[in-house]
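Next come the chains, spelled out residue by residue.
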Amino acid sequence: MTLLDGATPAPATVPPVRRRRRLTMFVRRPFFTLALLVAAGFVVSAAFAPVFAPWDPTYQDIGAMMAPPATAGHLLGTDSYGQDILSRILFGARYALGIGLGAVAIGALGGLVLGMAAGLAGGRTEWVLMRIVDSILALPSLILAVAFIAILGQGVDKVIYAVGVALIGPFARTVRADVMQVRAQLFVEAAGLMGLAWLTVVWRHILPNVVYPLAVQVTIRISEAILVSSSLSFLGIGVTPPTPDWGLMISEGRAFVSFAPWMAGMPGAALAILLIALSIVGDGIREEFDPKMQRGGS
Amino acid sequence: MTALLSVQNLTLHRGSRRILDDVSFDVPKGGTLALVGESGAGKSTIAVALMGLLTRAEASVEGKAILEDTGDLFTLRPRAWTRIRGRRLAMIFQDAGAALDPCYTVGGQIVSTLRRNLGLSRKAARARAVELLESVGIPDAAARLGAYPHELSGGMQQRVMIAIALSGNPALLFADEPTSALDVTIQAQIMRLILDEVRAHGSSCIFVLHDLALASQSCDEVVVLYAGQVMEAGDAKTLLSDPRHPYTALLKSCVLEIGTAELTPPEGSVPSYDAMPAGCRFATRCPNALPRCAGEKPPLVPRDGRNVACWNPVGVPKAEAA
Amino acid sequence: MSEEGAPIFELLDVEKIFTITRATGPLKRETLRLPALDGVRLRIKQNTSLALVGESGSGKSTLVRILLGLNEPSNGQALFRGRPIVEARKGLRAPFHRDVAMIYQDARGSLNPRMSVEALIAEPIRHFRLCAEKEIPARVAALLARVGLPADVAKAYPAGLSGGQVRRVAIARALASEPSVLVADEAVSGLDVSTQAQLLNLLADLKRTMGLTLVFITHDLGVASYLCQEIAVLYLGRIVETGPTNDVLNAPAHPYSAALRRAAPAFFEPIAEPLPGEIPSPVNLPPGCRFAGRCPRRQDDCLALDPPLGRVLPGRHAACIHPLTGSPGGPAERGDAAPSNPDAVL
């Protein structure tokens with residue numbers, strides 16, 4: 001007796017499966033689409049900076065120091081060393097996005113490992129791990145990154161590590177909360193009833209339900225990572241000159257802000273536009289894909 | 001019997017979706033009426049619309065709902081609503097645990113309702129609250145005033161809700177699935193309580209129910225709704241003992257009684273609002289459907305002691321049906 | 001497949017006590033013993049269908065968790081084909097896992113939202129290695145057809161399905177391991193009557209054509225009567241009456257079964273005189289019959305004696321000193337009924 005014989009029961013004519021309208025998301029969320037285009041623009045300019053940039057970012061044009069924007073050859077002007085600001089912003093996007101992505105990757109991975117371990121282990125292990133996370137969370141990420149820079153020293157790679165480690169705390173906390181919530185779900189119990197090994201249950205049923213919300217978190221936290229790394233450079237303890245880093249450029253332009261505002265203003269605007277665009281993109285992705293926010297939607 | 005509330009041609013849109021389509025019914029004074037149907041039929045939407053709980057941004061409403069001594073509910077200003085809710089109209093919700101505020105004691109919630117609606121002093125309101133809780137069968141009422149909602153069982157929470165709803169002596173009470181979250185033995189207690197209290201106050205009551213048998217036990221009149229349209233309406237006994245609309249007949253055949261040997265549910269499920277037929281919305285699943293049904297909406301007309309909206313009713317000889 | 005009528009599940013005086021600690025003051029805590037099940041004796045035979053009926057707080061969910069091996073009884077034995085259930089569950093591909101399938105009340109919650117319907121149904125097939133990898137899509141399609149779902153549902157995710165469809169997917173997934181026992185916890189409640197009727201017809205048909213043993217937890221006597229041959233009525237952690245469903249419902253022996261029967265809505269009958277009060281807390285129960293506090297037929301001896309489940313009529317058992325039908329199942333039969341003749345043979 002198998003299940004494949006036996007008459008099909010009164011066939012219930014079921015309406016076609018409703019599909020979520022993913023494609024129209026760009027139409028429904030014009031701001032999101034705009035922000036996504038802006039963010040994509042930054043990514044493209046970072047990737048093709050050598051092609052787009054009219055000058056080498058560290059070339060000092062002795063004939064055009066502190067040239068205002070729209071000077072011939074220097075669309076956004078030059079700084080006090082005669083370096084082309086447009087070229088430096090384009091190359092700076094590489095550092096900003098690189099540091100942001102790298103740091104968030106470290107933070108998310110570390111947070112995933114810590115949060116999963118804490119959420120699944122429970123008991124004393126969880127207590128110890130979460131107290132470590134709490135101690136990380138007790139300090140603002142900038143202060144923490146400063147402390148790590150003090151230990152690691154300066155340089156682009158060091159900034160990535162420092163900011164990344166500072167982000168582990170928040171990631172670990174959200175991952176643990178998600179794990180606790182998912183492991184209490186009925187489908188986890190059902191998988192156990194089927195006789196699946198615990199590791200299989202974790203891998204197949206718990207992890208995917210934790211990773212998706214984590215991915216949403218990542219998009220939101222990239223902007224935080226960029227902001228912290230720029231702050232480090234602004235404070236003069238992150239990336240070393242003459243690297244074309246936005247934070248560094250703002251810091252250098254600060255002294256001239258009264259008579260050459262473009263020196264700090266241009267990289268500041270680039271930073272602000274990128275951060276706003278990334279936030280809108282992150283929010284849009286969260287609202288669209290977070291199952292908690294779409295309950296009740298037909 | 002004169003009508004306490006007369007709902008006339010109520011049509012409600014949410015965006016482009018026509019949630020209610022030309023719904024009309026009368027609530028007799030001192031009588032009970034059941035809105036029955038499956039989920040998505042619009043039963044709760046009617047109750048919410050009549051309580052004035054829909055904003056213009058959420059839904060656009062056409063039609064009238066004439067409440068005796070008050071006028072058309074749909075033309076009332078927000079200020080007028082605050083005078084009517086709780087005093088002329090009151091509502092009991094399905095999930096009493098969620099409808100009561102978890103931050104305040106049961107007594108506090110009743111007392112504040114009494115003071116607002118009846119203008120009683122704190123002391124008088126407190127005494128009245130004890131009376132009310134006793135009248136809804138809560139043992140040791142004076143001590144329960146200090147209890148928080150989560151400290152009470154589901155049945156007791158629903159009793160508190162009933163006490164609050166009746167505190168303003170409303171002319172019309174809405175009871176939205178008041179017992180579907182409760183056990184059957186408690187269901188009988190609560191249904192009896194509501195009916196007794198409504199009768200004692202001389203109020204009318206609109207029940208929103210999904211259980212036809214329960215509707216037949218508790219209500220004088222029944223309105224059968226499907227996807228926002230009235231299928232059949234009239235005296236509960238006439239309508240439910242001998243349905244004329246194929247949907248009512250099928251719905252009744254799905255009710256499980258002890259010893260039920262056969263179920264003949266309508267096939268499929270309710271179409272989405274984007275794919276509703278222009279005529280009778282039940283046409284897509286109706287075993288009696290004629291070619292004209294999907295395109296042409298049947299009017300609600302009197303037939304055999306009730307009103308039916310159907311081109312091809314059941315239980316009628318063929319020649320007569322034409 | 002074992003012979004007709006062999007017991008699949010046997011519960012021998014199963015008791016389950018949960019201990020809860022409650023703060024009674026800033027520093028004080030007390031530990032309460034909460035007996036969720038007390039002296040439950042039940043035998044479920046092959047190819048039968050049993051309805052477990054009771055209100056919330058009756059212990060039916062705990063009983064299911066014990067049948068599934070998710071909880072171990074505090075006392076007594078819970079056996080699956082003669083072996084303790086907790087032992088029968090050991091091992092990754094123990095026959096128990098394949099043999100016993102569960103359908104949850106919250107069907108949506110029991111399906112991983114990140115998996116497509118096809119992946120969900122294929123999971124047990126793969127786990128139990130029921131067929132070659134390339135035959136899996138055909139098998140999933142056959143299962144979907146079996147529960148009356150169109151084939152294109154396979155690519156959908158649970159979030160895109162209606163309540164009725166999700167329940168059908170849960171049933172298809174339960175059937176995927178080719179079980180012999182289906183345990184369903186309120187599998188049709190909370191649905192519209194027409195959807196509920198469709199599902200009941202499906203379950204009745206599956207039971208008939210596949211020879212499934214069905215354990216159906218429900219609060220709805222109509223569902224029990226439609227789907228199950230046998231019934232066990234629970235009250236406050238105890239089975240108070242068992243027997244053939246329609247016999248029990250048409251002529252209940254225990255006053256609680258009678259009250260449940262009366263409380264079920266019936267067309268055009270006035271609402272029945274309800275039972276007074278509510279189900280009491282199982283903590284600190286008074287001696288005597290647990291139903292005595294609400295029983296309309298209570299007599300003095302009910303407050304003193306806790307009646308065990310005893311035979312009232314052939315095939316009918318009730319835990320009542322003064323049953324409504326048949327001979328009393330109380331103290332008179334107590335001595336011989338309990339140990340030798342395992343009552344409640346279902």
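Computed from a prediction, not measured in an experiment: that's the story for all the values here.

## Considerations on the overall build of chain A
Point 1. Scanning chain A from terminus to terminus reveals 11 helices and zero strands.
Point 2. For chain A, the sequential pattern of α-helices and β-strands runs α-α-α-α-α-α-α-α-α-α-α.
Point 3. By the burial criterion, 41% of the 298 residues in chain A qualify as buried.
Point 4. The long-range share in chain A, meaning contacts at least 24 apart out of those at least 6 apart in sequence, stands at 68%.

## Regarding the overall build of chain C
Point 1. The helix and strand inventory of chain C stands at 11 helices and 12 strands.
Point 2. A compact globule built from 346 residues should have a C-alpha radius of gyration of about 20 Å, and chain C, at 21 Å, falls within 12% of that.
Point 3. With respect to the three principal axes, the spread of C-alpha positions in chain C is 70 × 55 × 50 Å.
Point 4. Relative to its 346 residues, chain C shows a buried fraction of 51%.

## Quick notes on the pairing of strand E1 (residues 7-23) of chain C
Residues and elements named next belong to chain C.
Point 1. As judged from the 13 bridges shared by E1 and strand E2 (residues 29-45), these two strands associate in the antiparallel manner. Within E2, the position partnered with Val14 by the bridge is Val40.
Point 2. Pairing between E1 and strand E4 (residues 75-80): five bridges, direction antiparallel. Bridge assignment links Glu10 to a residue of E4, and that residue is Leu79.

## Looking at the sheet that holds strand E12 (residues 306-308) of chain B
Residues and elements named next belong to chain B.
Point 1. Taken together, the eight strands give an open sheet; going across it, the order is E6-E7-E8-E3-E9-E10-E12-E11, and neighbouring strands pair in mixed fashion. This sheet does not close on itself; its edge strands, each paired only once, are strand E6 (89-92) and strand E11 (301-303). In this sheet, neighbouring strand axes are inclined to one another by 20° on average, regardless of whether the strands run parallel or antiparallel.
Point 2. Where E6 meets strand E7 (residues 172-176), four bridges bridge the pair, whose relative direction is parallel. In the strand pairing of E7, Leu89 is matched with Leu172.
Point 3. Packed onto the sheet, helix H7 (residues 154-166) meets E6 and E7 and runs at close to 175° relative to E6.

## Considerations on the nonpolar core
In globular proteins that are soluble, nonpolar side chains generally tend to be buried together.
Point 1. In this structure, Val163 of chain A, Ala34, Ala215 and Val222 of chain B together with Val233 of chain C are the most contacted members of the largest nonpolar core, which totals 282 residues.
Point 2. Each of two domains, domain 1 (3-88 + 170-321) and domain 2 (97-169) of chain B, supplies a minimum of three residues to this core.
Point 3. If we skip the residues at most four places from it in the chain, Val222 of chain B touches Ala34, Val36, Ala215, Ala233, Gly234, Ala236, Leu239 and Leu240 of chain B.

## As for the packing of helix H5 (residues 136-146) of chain C against helix H6 (residues 163-176) of chain C
Residue and element names in this part refer to chain C.
Point 1. It is the contact of H5 with H6, at a shortest axis distance of 9 Å, that shows an interaxial angle of 125°. Relative to H6, H5 is oriented oblique. As H5 runs across H6, the sense of the crossing is right-handed. Contacts between H5 and H6 involve Leu143, Leu144 and Arg146 from the former and Ala172, Leu175 and Ala176 from the latter.

## Focus: the pairing of strand E1 (residues 3-14) of chain B
All names here are of chain B.
Point 1. Sheet analysis places E1 next to strand E2 (residues 17-28), joined by eight bridges and oriented antiparallel. Residue Ala3 lies in a different strand from E2, and its bridge partner there is Pro28.
Point 2. The pairing of E1 with strand E4 (residues 60-67) spans seven bridges and is classified as antiparallel. Residue Ser6 lies in a different strand from E4, and its bridge partner there is Ile66.

## Considering the interface of chain C and chain B
Point 1. Facing 36 residues of chain C, the contacting portion of chain B comprises 36 residues.
Point 2. Where the side of chain C that touches chain B is concerned, the elements lending two or more residues are helix H7 (193-210), helix H8 (221-227), helix H9 (245-250) and helix H10 (255-263) of chain C.
Point 3. Of all the elements, H7 of chain C adds the most residues to the side of chain C that touches chain B, at seven residues.
Point 4. Of the residues that constitute the side of chain C that touches chain B, the class distribution is 20 nonpolar, 11 polar and five charged.

## Remarks on the environment of Pro28 of chain B
Residues and elements named next belong to chain B.
Point 1. One can find Pro28 in strand E2.
Point 2. Accessibility expressed as a C-beta count within 10 Å gives 15 for Pro28, which makes it partly exposed.
Point 3. Taking the C-alpha atoms as reference points, Pro28 and Ala3, separated by 25 residues in sequence, lie 4.3 Å from one another.

## Here's the deal with the sheet that holds strand E3 (residues 49-53) of chain C
Residues and elements named next belong to chain C.
Point 1. Pairing in this open sheet of eight strands is mixed, and the strands run E6-E7-E8-E3-E9-E10-E12-E11 from one edge to the other. The open sheet has two free edges, formed respectively by strand E6 (100-103) and strand E11 (310-313), since each of these has just one partner strand. Neighbour-to-neighbour, the strand axes of the sheet open up by a mean angle of 20°, direction not taken into account.
Point 2. The sheet strands contacting H10 are strand E9 (230-235) and strand E10 (238-244), and the helix crosses E9 at an angle near 105°.

## A word on the environment of Met130 of chain A
All names here are of chain A.
Point 1. Within the secondary structure, Met130 sits in helix H5 (residues 123-137).
Point 2. With 18 C-beta atoms counted inside 10 Å, the residue Met130 sits in the partly exposed group.
Point 3. Other than its neighbours up to four places away in sequence, Met130 contacts Ala118 and Arg176.

## Some points on the environment of Gly146 of chain B
Residue and element names in this part refer to chain B.
Point 1. Within the secondary structure layout, Gly146 lies in the loop between helix H6 (141-144) and H7.
Point 2. Residue Gly146 is classed as exposed on the basis of its C-beta count, with 11 C-beta atoms lying within 10 Å.
Point 3. Distance in space between the C-alpha atoms of Gly146 and Val106 is 6.4 Å, their sequence separation being 40 residues.
Point 4. Once you skip the residues sitting within four places of it in the chain, Gly146 turns out to touch Thr105 and Gly107.

## Some thoughts on the packing of helix H2 (residues 30-47) of chain A against helix H11 (residues 262-289) of chain A
Residues and elements named next belong to chain A.
Point 1. Between H2 and H11, the shortest axis-to-axis distance is 8 Å and the interhelical angle comes to 130°. Taken together, the axes of H2 and H11 lie oblique to each other. Read as a crossing pair, H2 and H11 show a hand that is left-handed. On H11, the residues touching Phe31, Phe32, Ala35, Leu36, Val38, Ala39 and Phe42 of H2 are Ile273, Leu274, Ala277, Leu278, Ile280, Val281 and Gly284.
Point 2. Here the residues of the contact of H2 with H11 sort into 13 nonpolar, one polar and no charged.

## Let's talk about unusual backbone geometry
All names here are of chain B.
Point 1. In this structure, Asp69 is a non-glycine residue whose phi angle is positive, near 65°.
Point 2. By the element assignment, Asp69 lies in the loop between E4 and strand E5 (71-72).
Point 3. Even without a glycine there, the phi angle at Glu177 is positive, about 45°.
Point 4. You can see Glu177 is positioned in the loop between E7 and helix H8 (184-201).

## Concerning H6 of chain C
Residue and element names in this part refer to chain C.
Point 1. Between its first and last C-alpha atoms H6 spans 20 Å; for 14 residues at 1.5 Å apiece the expected length is 20 Å, and the two agree.
Point 2. The buried fraction of H6 is high, at 13 of 14 residues.
Point 3. The first or second residue beyond H6 is Glu178, which carries a positive phi of 50°.

## So, helix H8 (residues 186-193) of chain A
Quick reminder: α-helices carry 3.6 residues per turn. Residues three or four places apart thus point the same way.
Point 1. Among all positions in H8 of chain A, only Phe187, Val188, Ala190, Ala191 and Leu193 of chain A are buried.
Point 2. In this structure, the buried side of H8 of chain A is in contact with helix H7 (156-183) and helix H9 (198-234) of chain A together with helix H3 (95-99) and E6 of chain C.
Point 3. Count one or two residues on from H8 of chain A and you reach Gly195 of chain A, which has phi positive near 90°.

## Some remarks on the confidence of the model for chain A
Point 1. Per-chain confidence: chain A averages 81 in pLDDT, with 89% of residues scoring 70 or above.
Point 2. In this model residues 293-298 of chain A is a low-confidence stretch, pLDDT under 50, and it forms one contact with partners more than four residues away in sequence or in other chains.

## Digging into the confidence of the model for chain C
Point 1. With 92% of its residues at a pLDDT of 70 or more, chain C shows a mean pLDDT of 85.
Point 2. Listed scores for the predicted complex are pTM 0.82 and ipTM 0.83.

So, how was this worked out
- Residues numbered from 1 in each chain as written.
- Chains lettered and ligands numbered in written order.
- Predicted model: local features only at pLDDT ≥ 70, side-chain atom pairs only at ≥ 80, totals over all residues.
- Helix = DSSP H or I, 4+ residues; strand = E, 2+ residues; numbered from the N terminus.
- Buried ≥ 20, exposed ≤ 12 C-beta atoms within 10 Å, placed from the backbone.
- Contact = placed C-beta atoms within 7 Å.
- Rg over C-alpha atoms; globule rule 2.2 N^0.38 Å.
- Pairing = 2+ DSSP bridges.
- Axes fitted to C-alpha atoms, helices over the stretch in contact; angles between N-to-C directions.
- Core = buried A, V, L, I, M, F, W, Y, C linked by C-beta atoms within 7 Å.
- Domains from an automatic or database assignment.
- Parallel < 35°, antiparallel > 145°, perpendicular 65-115°, else oblique.
- Left-handed = near helix turned anticlockwise from the far one by under 90°.
- Nonpolar A, V, L, I, M, F, W, Y, C, P; charged D, E, K, R; others polar.
- Expected span 1.5 Å × (residues − 1).
- pLDDT = per-residue confidence, 0-100.

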